[in-house]
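Okay, here's what each chain looks like letter by letter:
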Amino acid sequence: MKKVLRVTANVLAWIVLIIAFLVTIIVFSSGKNNGVANIFGFIPMTVESDSMKPTFSKGDLIICKEIDDLNSLKAGDVITFWTVIDGKRVKNTHRIVEVEDNDGSRNFITRGDNNSVNDTSPAYSGDLIGKWTETKISGVGKALNFMRTKKGFFICIVLPMALFFLFELYKFIVALIEAKRPDPAEQLDEEEIKRRAIEEYLASKGESAEAAAAKASEAVSSAAGKAAENLEEAKKEAVEKFEDVKDKAEKLIEEAKNETAEKIEETAEKTADNAKNIAENAAETAESVAEAAEKTGEAAE
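Below: a short report on this structure. Predicted model only: the values in this text are computed from it and were never measured. (Residues numbered from 1 in each chain as written. Predicted model: local features only at pLDDT ≥ 70, side-chain atom pairs only at ≥ 80, totals over all residues. Heavy atoms only, no water.)

### So, unusual backbone geometry
Logical step 1: The omega angle of the peptide bond from Lys53 to Pro54 is 0°, so this bond is cis rather than trans.
Logical step 2: On the secondary structure map, Pro54 appears in the loop between β1 (42-46) and β2 (61-65).
Logical step 3: For Glu134, which is not glycine, the phi dihedral falls at a positive 65°.
Logical step 4: The topology assignment puts Glu134 in strand β7 (residues 128-137). (Helix = DSSP H or I, 4+ residues; strand = E, 2+ residues; numbered from the N terminus.)

### A closer look at helix α3 (residues 150-180)
Logical step 1: Taking 1.5 Å per residue as the helical rise, α3 with its 31 residues ought to reach 45 Å, and the 43 Å between its terminal C-alpha atoms agrees with that figure.
Logical step 2: Approximately 30° is the largest bend angle found in α3, and it occurs at Val158, with the proline Pro160 only one to four residues beyond.
Logical step 3: Residues of α3 that are buried: Gly152, Ile157, Pro160 and Phe164. (Expected span 1.5 Å × (residues − 1). Bend = angle between axes of the 7 residues up to and from the residue. Buried < 20%, exposed > 50% of the residue type's maximum accessible area, 1.4 Å probe, protein only.)

### Quick look at the sheet that holds strand β5 (residues 105-111)
Logical step 1: One open sheet holds the 7 strands; their spatial order is β1-β2-β7-β3-β4-β5-β6, and the pairing between them is antiparallel. On the outer flanks of this sheet lie β1 and β6 (123-124), each paired with one strand and no other.
Logical step 2: Here β1 pairs with β2 via 5 bridges, running antiparallel. Of the residues in β2, the one forming a bridge with Thr46 is Leu61. (Pairing = 2+ DSSP bridges.)

Structure (C-alpha coordinates):
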(Lines give C-alpha, C1' and ligand atoms only; values in the text may rest on other atoms or scores of the structure.)
Protein backbone atom coordinates (compact mmCIF):
# COMPACT_ATOMS: atom_id res chain seq x y z
CA MET A 1 0.00 0.00 0.00
CA LYS A 2 2.82 2.38 0.87
CA LYS A 3 4.51 1.64 -2.45
CA VAL A 4 1.29 2.45 -4.37
CA LEU A 5 0.87 5.73 -2.50
CA ARG A 6 4.50 6.63 -3.15
CA VAL A 7 4.18 5.93 -6.88
CA THR A 8 0.91 7.90 -7.04
CA ALA A 9 2.50 10.86 -5.27
CA ASN A 10 5.46 10.79 -7.66
CA VAL A 11 3.17 10.70 -10.73
CA LEU A 12 1.03 13.57 -9.44
CA ALA A 13 4.12 15.61 -8.58
CA TRP A 14 5.54 15.15 -12.08
CA ILE A 15 2.17 16.00 -13.69
CA VAL A 16 1.99 19.20 -11.66
CA LEU A 17 5.57 20.05 -12.59
CA ILE A 18 4.95 19.47 -16.32
CA ILE A 19 1.76 21.58 -16.26
CA ALA A 20 3.55 24.33 -14.35
CA PHE A 21 6.41 24.21 -16.86
CA LEU A 22 4.04 24.46 -19.83
CA VAL A 23 2.06 27.30 -18.27
CA THR A 24 5.30 29.12 -17.51
CA ILE A 25 6.32 28.85 -21.16
CA ILE A 26 2.88 30.07 -22.27
CA VAL A 27 2.97 33.05 -19.90
CA PHE A 28 6.49 34.16 -20.86
CA SER A 29 5.93 33.47 -24.56
CA SER A 30 2.71 35.48 -24.65
CA GLY A 31 4.39 38.31 -22.77
CA LYS A 32 7.09 38.56 -25.47
CA ASN A 33 4.70 38.23 -28.44
CA ASN A 34 1.93 40.75 -27.78
CA GLY A 35 -0.08 38.30 -25.69
CA VAL A 36 0.17 35.45 -28.24
CA ALA A 37 1.93 32.35 -26.87
CA ASN A 38 3.66 30.15 -29.44
CA ILE A 39 4.90 26.69 -28.39
CA PHE A 40 6.61 24.91 -31.29
CA GLY A 41 4.12 26.42 -33.74
CA PHE A 42 1.02 25.75 -31.60
CA ILE A 43 -0.88 28.70 -30.14
CA PRO A 44 -3.11 28.25 -27.06
CA MET A 45 -5.92 30.83 -27.00
CA THR A 46 -8.55 31.71 -24.41
CA VAL A 47 -12.04 32.34 -25.86
CA GLU A 48 -13.23 35.76 -24.72
CA SER A 49 -16.85 35.71 -25.97
CA ASP A 50 -19.71 33.40 -26.97
CA SER A 51 -19.70 34.50 -30.63
CA MET A 52 -18.67 31.00 -31.73
CA LYS A 53 -21.25 29.02 -29.79
CA PRO A 54 -21.87 26.10 -29.89
CA THR A 55 -18.47 25.33 -31.46
CA PHE A 56 -16.74 26.66 -28.36
CA SER A 57 -17.77 29.04 -25.59
CA LYS A 58 -16.35 31.84 -23.52
CA GLY A 59 -13.68 30.57 -21.13
CA ASP A 60 -12.69 27.57 -23.26
CA LEU A 61 -9.09 26.93 -24.25
CA ILE A 62 -8.56 26.34 -27.98
CA ILE A 63 -5.35 25.33 -29.76
CA CYS A 64 -4.46 27.04 -33.02
CA LYS A 65 -1.53 26.39 -35.35
CA GLU A 66 0.65 28.73 -37.35
CA ILE A 67 -0.44 29.18 -40.95
CA ASP A 68 2.30 28.06 -43.33
CA ASP A 69 0.35 28.53 -46.57
CA LEU A 70 -2.30 31.24 -46.92
CA ASN A 71 -3.56 29.61 -50.10
CA SER A 72 -4.57 26.56 -48.09
CA LEU A 73 -7.20 28.55 -46.20
CA LYS A 74 -10.75 28.14 -47.41
CA ALA A 75 -14.32 28.85 -46.40
CA GLY A 76 -15.29 26.90 -43.30
CA ASP A 77 -11.90 27.18 -41.62
CA VAL A 78 -11.78 28.86 -38.21
CA ILE A 79 -8.97 31.39 -37.89
CA THR A 80 -7.62 33.70 -35.22
CA PHE A 81 -6.64 37.18 -36.33
CA TRP A 82 -6.06 40.72 -35.15
CA THR A 83 -8.95 43.14 -35.56
CA VAL A 84 -10.20 46.42 -34.14
CA ILE A 85 -13.24 46.36 -31.86
CA ASP A 86 -14.43 49.53 -30.11
CA GLY A 87 -11.19 51.25 -31.05
CA LYS A 88 -8.98 48.56 -29.54
CA ARG A 89 -6.78 46.08 -31.36
CA VAL A 90 -7.81 42.65 -30.08
CA LYS A 91 -7.62 38.99 -31.06
CA ASN A 92 -10.69 37.44 -32.64
CA THR A 93 -11.48 33.85 -33.66
CA HIS A 94 -14.21 33.42 -36.28
CA ARG A 95 -15.05 31.15 -39.20
CA ILE A 96 -14.18 32.06 -42.82
CA VAL A 97 -17.33 32.45 -44.86
CA GLU A 98 -15.67 33.85 -48.03
CA VAL A 99 -12.19 34.30 -49.46
CA GLU A 100 -11.39 37.45 -51.48
CA ASP A 101 -8.50 37.72 -53.94
CA ASN A 102 -7.42 41.28 -54.71
CA ASP A 103 -4.43 41.65 -57.00
CA GLY A 104 -2.61 38.68 -55.49
CA SER A 105 -3.53 39.43 -51.85
CA ARG A 106 -6.08 37.36 -49.99
CA ASN A 107 -8.62 38.73 -47.55
CA PHE A 108 -11.03 36.67 -45.51
CA ILE A 109 -14.63 37.50 -44.73
CA THR A 110 -15.44 36.04 -41.30
CA ARG A 111 -18.44 35.55 -39.05
CA GLY A 112 -19.05 34.01 -35.65
CA ASP A 113 -21.14 30.81 -35.59
CA ASN A 114 -23.42 32.50 -33.08
CA ASN A 115 -23.72 35.72 -35.13
CA SER A 116 -26.23 36.45 -37.88
CA VAL A 117 -24.07 38.93 -39.84
CA ASN A 118 -20.51 38.98 -41.07
CA ASP A 119 -17.77 40.88 -39.30
CA THR A 120 -17.58 44.54 -40.37
CA SER A 121 -13.95 44.28 -41.40
CA PRO A 122 -12.29 41.41 -43.27
CA ALA A 123 -9.28 39.59 -41.87
CA TYR A 124 -6.20 40.66 -43.85
CA SER A 125 -3.29 38.33 -44.52
CA GLY A 126 -0.94 40.37 -42.34
CA ASP A 127 -3.30 40.15 -39.37
CA LEU A 128 -3.61 36.37 -39.29
CA ILE A 129 -2.37 34.59 -36.13
CA GLY A 130 -3.28 30.95 -36.68
CA LYS A 131 -5.81 28.35 -37.72
CA TRP A 132 -7.90 26.43 -35.22
CA THR A 133 -6.92 22.76 -34.95
CA GLU A 134 -10.41 21.81 -33.75
CA THR A 135 -8.97 21.12 -30.30
CA LYS A 136 -10.63 22.71 -27.31
CA ILE A 137 -10.62 22.22 -23.53
CA SER A 138 -13.74 23.54 -21.85
CA GLY A 139 -13.23 26.01 -19.02
CA VAL A 140 -9.43 25.84 -19.02
CA GLY A 141 -9.09 29.25 -20.63
CA LYS A 142 -10.30 30.95 -17.45
CA ALA A 143 -7.66 29.09 -15.46
CA LEU A 144 -4.99 30.10 -17.97
CA ASN A 145 -6.02 33.76 -17.72
CA PHE A 146 -5.83 33.52 -13.94
CA MET A 147 -2.36 31.98 -14.14
CA ARG A 148 -1.19 34.92 -16.22
CA THR A 149 -1.84 37.26 -13.28
CA LYS A 150 0.81 37.73 -10.58
CA LYS A 151 -1.35 36.11 -7.92
CA GLY A 152 -2.30 33.20 -10.15
CA PHE A 153 1.29 32.68 -11.29
CA PHE A 154 2.47 32.47 -7.68
CA ILE A 155 -0.32 30.13 -6.53
CA CYS A 156 -0.43 27.85 -9.58
CA ILE A 157 3.20 27.90 -10.73
CA VAL A 158 5.72 29.09 -8.13
CA LEU A 159 4.14 27.35 -5.14
CA PRO A 160 3.66 23.92 -6.80
CA MET A 161 7.19 23.98 -8.19
CA ALA A 162 8.59 24.90 -4.77
CA LEU A 163 6.63 22.05 -3.17
CA PHE A 164 7.82 19.68 -5.87
CA PHE A 165 11.48 20.50 -5.30
CA LEU A 166 11.01 20.24 -1.52
CA PHE A 167 9.40 16.83 -2.03
CA GLU A 168 12.29 15.71 -4.24
CA LEU A 169 14.78 17.03 -1.66
CA TYR A 170 12.99 15.04 1.05
CA LYS A 171 13.14 11.90 -1.11
CA PHE A 172 16.85 12.49 -1.73
CA ILE A 173 17.57 12.84 2.01
CA VAL A 174 15.53 9.71 2.81
CA ALA A 175 17.41 7.82 0.10
CA LEU A 176 20.76 8.90 1.60
CA ILE A 177 19.70 7.78 5.08
CA GLU A 178 18.49 4.42 3.78
CA ALA A 179 21.70 3.98 1.80
CA LYS A 180 23.80 4.51 4.93
CA ARG A 181 21.62 2.17 6.99
CA PRO A 182 22.96 -1.42 6.96
CA ASP A 183 20.83 -4.01 5.19
CA PRO A 184 19.18 -6.46 7.66
CA ALA A 185 19.87 -9.31 5.25
CA GLU A 186 23.57 -8.42 5.22
CA GLN A 187 23.58 -8.27 9.01
CA LEU A 188 22.08 -11.76 9.12
CA ASP A 189 24.71 -12.97 6.70
CA GLU A 190 27.48 -11.52 8.85
CA GLU A 191 26.07 -13.20 11.96
CA GLU A 192 25.85 -16.51 10.09
CA ILE A 193 29.45 -16.17 8.93
CA LYS A 194 30.62 -15.46 12.49
CA ARG A 195 28.70 -18.44 13.86
CA ARG A 196 30.12 -20.80 11.25
CA ALA A 197 33.64 -19.50 11.84
CA ILE A 198 33.33 -20.22 15.57
CA GLU A 199 31.99 -23.70 14.90
CA GLU A 200 34.81 -24.44 12.47
CA TYR A 201 37.39 -23.18 14.96
CA LEU A 202 36.03 -25.42 17.71
CA ALA A 203 35.88 -28.36 15.32
CA SER A 204 39.52 -27.79 14.34
CA LYS A 205 40.50 -28.04 18.00
CA GLY A 206 38.56 -31.31 18.32
CA GLU A 207 36.06 -29.80 20.67
CA SER A 208 32.39 -29.08 20.37
CA ALA A 209 30.42 -26.41 22.09
CA GLU A 210 29.08 -29.00 24.56
CA ALA A 211 32.58 -30.25 25.40
CA ALA A 212 33.77 -26.73 25.98
CA ALA A 213 30.81 -26.10 28.27
CA ALA A 214 31.52 -29.38 30.16
CA LYS A 215 35.16 -28.38 30.61
CA ALA A 216 34.12 -25.00 31.84
CA SER A 217 31.74 -26.68 34.32
CA GLU A 218 34.51 -29.01 35.55
CA ALA A 219 36.86 -26.11 35.95
CA VAL A 220 34.25 -24.25 38.00
CA SER A 221 33.62 -27.33 40.18
CA SER A 222 37.36 -27.86 40.73
CA ALA A 223 37.82 -24.23 41.64
CA ALA A 224 34.90 -24.47 44.07
CA GLY A 225 36.43 -27.62 45.70
CA LYS A 226 39.80 -25.98 46.10
CA ALA A 227 38.15 -22.92 47.55
CA ALA A 228 36.32 -25.10 50.10
CA GLU A 229 39.59 -26.86 51.07
CA ASN A 230 41.38 -23.58 51.44
CA LEU A 231 38.56 -22.33 53.60
CA GLU A 232 38.80 -25.36 55.95
CA GLU A 233 42.56 -24.96 56.24
CA ALA A 234 42.11 -21.29 56.97
CA LYS A 235 39.61 -22.13 59.68
CA LYS A 236 42.05 -24.64 61.30
CA GLU A 237 44.91 -22.16 61.18
CA ALA A 238 42.70 -19.52 62.71
CA VAL A 239 41.70 -21.87 65.59
CA GLU A 240 45.34 -22.84 66.22
CA LYS A 241 46.43 -19.24 66.22
CA PHE A 242 43.61 -18.40 68.61
CA GLU A 243 44.74 -21.14 71.03
CA ASP A 244 48.35 -19.90 70.85
CA VAL A 245 47.28 -16.39 71.55
CA LYS A 246 45.09 -17.54 74.42
CA ASP A 247 47.97 -19.50 76.06
CA LYS A 248 50.33 -16.56 75.66
CA ALA A 249 47.76 -14.26 77.22
CA GLU A 250 47.26 -16.57 80.24
CA LYS A 251 51.05 -16.77 80.77
CA LEU A 252 51.35 -13.01 80.59
CA ILE A 253 48.55 -12.66 83.13
CA GLU A 254 50.23 -15.10 85.54
CA GLU A 255 53.56 -13.38 85.17
CA ALA A 256 51.92 -10.07 85.77
CA LYS A 257 50.26 -11.42 88.93
CA ASN A 258 53.57 -12.82 90.25
CA GLU A 259 55.44 -9.61 89.53
CA THR A 260 52.72 -7.63 91.25
CA ALA A 261 52.85 -9.84 94.40
CA GLU A 262 56.65 -9.55 94.58
CA LYS A 263 56.47 -5.81 94.23
CA ILE A 264 53.86 -5.60 97.00
CA GLU A 265 56.04 -7.77 99.35
CA GLU A 266 59.12 -5.63 98.66
CA THR A 267 57.13 -2.52 99.34
CA ALA A 268 55.84 -3.95 102.64
CA GLU A 269 59.36 -4.91 103.77
CA LYS A 270 60.63 -1.43 102.90
CA THR A 271 57.75 0.09 104.82
CA ALA A 272 58.47 -2.12 107.85
CA ASP A 273 62.16 -1.14 107.78
CA ASN A 274 61.24 2.50 107.64
CA ALA A 275 58.88 2.12 110.54
CA LYS A 276 61.59 0.35 112.59
CA ASN A 277 64.08 3.11 111.87
CA ILE A 278 61.55 5.71 112.86
CA ALA A 279 60.87 3.92 116.17
CA GLU A 280 64.56 3.62 116.96
CA ASN A 281 65.06 7.31 116.23
CA ALA A 282 62.13 8.18 118.46
CA ALA A 283 63.57 6.08 121.33
CA GLU A 284 66.92 7.76 121.01
CA THR A 285 65.24 11.14 120.98
CA ALA A 286 63.32 10.25 124.17
CA GLU A 287 66.44 9.15 125.95
CA SER A 288 68.15 12.37 124.99
CA VAL A 289 65.27 14.37 126.31
CA ALA A 290 65.30 12.39 129.55
CA GLU A 291 69.00 12.97 130.03
CA ALA A 292 68.56 16.63 129.37
CA ALA A 293 65.81 16.76 131.94
CA GLU A 294 67.96 15.08 134.54
CA LYS A 295 70.79 17.48 133.89
CA THR A 296 68.40 20.37 134.22
CA GLY A 297 67.16 19.00 137.58
CA GLU A 298 70.60 18.64 138.94
CA ALA A 299 71.46 22.11 137.91
CA ALA A 300 68.45 23.40 139.69
CA GLU A 301 69.52 21.81 143.01
